Structure formats: structure tokens, C-alpha cells
Amino acid sequence: MYIGLLAWVMLHAGPAQAALWSITYPRPLSENDMRAEYPVALLTLALEKTGVKYSLLPSERILLQGKALRRLKENREVNVVWSMTDVQRERDLLPIRIPIAKGLIGWRVFLTTKNQLAQFSQINSKSGLRAMTPVQGEEWPDTKILQANGFNVFTVPEYEEAMGILQTRQASFFPRSVIEVISELESGTLPADIVLEKRLALYYPTAMYFFVNRGNPTLARLIETGLQRAIEDGSFDALFESTYQETFKRLELDKRQIFMLDNPALPEETPLEDKALWHQPRGTNVNR
């Protein structure tokens, strides 16, 4: 799985030395679920930069995000998870505060149904968008962010259920990160009437980090060291650009009306001041 990106990583990484680390991450939903491709490639790059010997494998079972985070807190089944941060997650787990997707997790475009698409053409303000109902996962930080900004959010226990909620018009749109949505649309698993809305987007400041168990600071330091070395030698940015350059073209974020939301759950320790860790897609203009 992920042959292309992993081959790129191995080509740009340094030599491995002695010491063995066994690292397990949550198994994706299916072989067609490519959302894990970049995080796994970046984690591989970071580990290669440290020079340690390691095994990096998916968990035996499929673990959806909420369960994966609980298993990580319990130190069972997985020992690293990537996820969007919030205050509670940083209390429960040990974050490595380098945004692995450079803040793109907070750039959101919308999935909707063909029969609801036309109503978005009339929306030109944040208040207009607030009149519509988004669907999100019950345990996702995004849900609290949308609620704090005045949205009436329809929540579902699992990702797959969101599509049925759109189809029954109990919700109008499903905000998806720009780093996820292309893979989802190309997975072949979405209902035929689910489409991408092309005029609007949301942005809120947030980060997706690698998390480890709070009792495993040595692993956290290892991953952080590797990420820092990849930042310093340019291989982090090279992997990021090679992964998402086509995504920016296809989503045409520079042509969208983008509304900014506040994120009251953003931890104070988020390194917003370090501009090298963040990326704003070229040509975008965020309406505050």
C-alpha cells in the first residue's frame, strides 16, 4: 500500500542504524482509503531521518478515529495516531506539536447531494451559510468549532452515516478537509449523488498532529526529532508539495469564497507564530 509516496520517502531519507522500534498506527477503513497515505509517508520519513531501525505497521483491526484515540490512551493496539488537536486530546495524549499537514486540516470544502447543490449558489455570507445544517461526527473537534460559531450541527456516530444524512436532507453539507476530500471522492465508496460544492469553503486555525501515549515521551522525542530534521533539510516541504500540489489545483481554493471561523478549542501551545509550520494556499482570501 502507498507504494508511490513511500518510494519517494525512502529515496529522500538517510541510512538506518541499530535499535528496533515497533510502531503501530490505525488501519485504514479499506485499501481504497488513501487518507492515511501522507501521514504514513511522513512518519516513515521522520523515522528514517532519525537513523533508527523500526517496523511500521497498521493495527490488526480497523480502528475509526474515536476508538483509535481511546486505544492509544489505554496503550493498546496502537502507539501512534494522527488527529486534529483540541484541548481535551492534548490532556489525554502526548502531542508532537508539528502540524503534519501544515494547517490544511482546517481548510474545509463541502460534500453535498446533487439535489441540494443549487442552494449554495445563493450564499454570500457566513450568516447565510449558518442557516444551513452541516453534518459531523459526534466526537470530532470540528463539531464543537461549528457549534461555537453558531451552526446547528447534525451529528453521527461514524463517518459513513454522514452520507445517509445528506441523502435524506437532514443535513445540507458535510465539511471535509482539503487533504481528505479528493481521496474520498475517488475512493468509489461514496453514493453516486454525493458531489463536491465548488463555490465556498471554511477555514479555522487548527493542526493535525502525531499523538502518542502520555507514558511514551521517548517515542514522541524520536518522531519530533525526525520531523525537525526533515523540516531543516527541506524533505518535509518536498513531500508536502508533491502530495498536495494537484489537490490545490483541483479544488481551486483561490476562486472560492472562504469564511473564517473561530476555534475556541485551539490549545494555547499551538505554534501559530512559527510561519514555517503553516501553509496558506496561494491566492486565497479569507473573509473574517
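Going by the structure above, here's the rest.
What counts, and where the lines are drawn
- Think of each chain on its own: its residues are numbered from 1, step by step along the sequence as written.
- In view of the model being predicted, local features appear only for residues whose pLDDT reaches at least 70, and side-chain atom pairs are presented and counted only at 80 or more, with totals across whole chains, interfaces and linings using the full set of residues.
- Hydrogens and water molecules were not included; the side-chain quantities draw on all heavy atoms of the structure.
- Only DSSP runs of H or I covering at least 4 residues are called helices, and only runs of E covering at least 2 are called strands; the numbering of each starts at the N terminus.
- Three exposure classes are used, based on accessible area relative to the maximum for each residue type with a 1.4 Å probe and protein chains only: buried under 20%, partly exposed in between, and exposed over 50%.
- By definition, residues are in contact when any of their heavy atoms lie within 4.5 Å.
- Here, Shrake-Rupley sampling with a 1.4 Å probe gives the accessible areas, and only protein chains in the shown set may cover a residue.
- The rule for a salt bridge is simple: a side-chain nitrogen of Lys or Arg has to be within 4 Å of a carboxyl oxygen of Asp or Glu.
- When DSSP locates at least two bridges between a pair of strands, those strands are taken to pair.
- Whenever a helix is involved, its axis is fitted only over the stretch in contact; in every case the axis is a line through C-alpha atoms, and angles between N-to-C directions fall within 0 to 180 degrees.

**Re the overall build of the protein chain**
Part 1 of the reasoning: Along its length, the protein chain carries 10 helices and 13 strands.
Part 2 of the reasoning: For the C-alpha atoms alone, the extent of the protein chain along its principal axes is close to 60 × 40 × 40 Å.
Part 3 of the reasoning: Counting all 288 residues of the protein chain, 56% fall into the buried class.
Part 4 of the reasoning: When contacts within the protein chain are restricted to residue pairs at least 6 apart in sequence, those whose partners lie at least 24 apart make up 81%.
Part 5 of the reasoning: With the model as given, the accessible surface of the protein chain reaches about 13200 Å², and the carbon-plus-sulfur share is 48%.

**What about the pattern of salt bridges?**
Part 1 of the reasoning: If you walk through the whole model with that rule in mind, you get 16 salt bridges.
Part 2 of the reasoning: With a shortest N-O distance of 2.6 Å, Arg176 and Glu184 are connected by a salt bridge.
Part 3 of the reasoning: Given a relative accessible area of 2%, Arg176 falls into the buried group.
Part 4 of the reasoning: Judged by relative accessible area, Glu184 falls into the buried class, the value being 3%.

**What to know about the sheet that holds strand β3 (residues 81–84)**
Part 1 of the reasoning: Reading across from one edge, β3-β11-β4 is the order of the 3 strands in this open sheet, with antiparallel pairing throughout. Two strands close off the open sheet at either side, each with one partner strand: β3 and β4 (94–96). For this sheet the average axis-to-axis angle between neighbouring strands, irrespective of direction, equals 45°.
Part 2 of the reasoning: When β4 meets strand β11 (residues 208–212), the two strands line up antiparallel, connected through 3 bridges. Among the inter-strand pairings, Ile96 is bridged to a residue of β11, identified as Phe210.

Take it as geometry only, folks, not as evidence of what the structure does.
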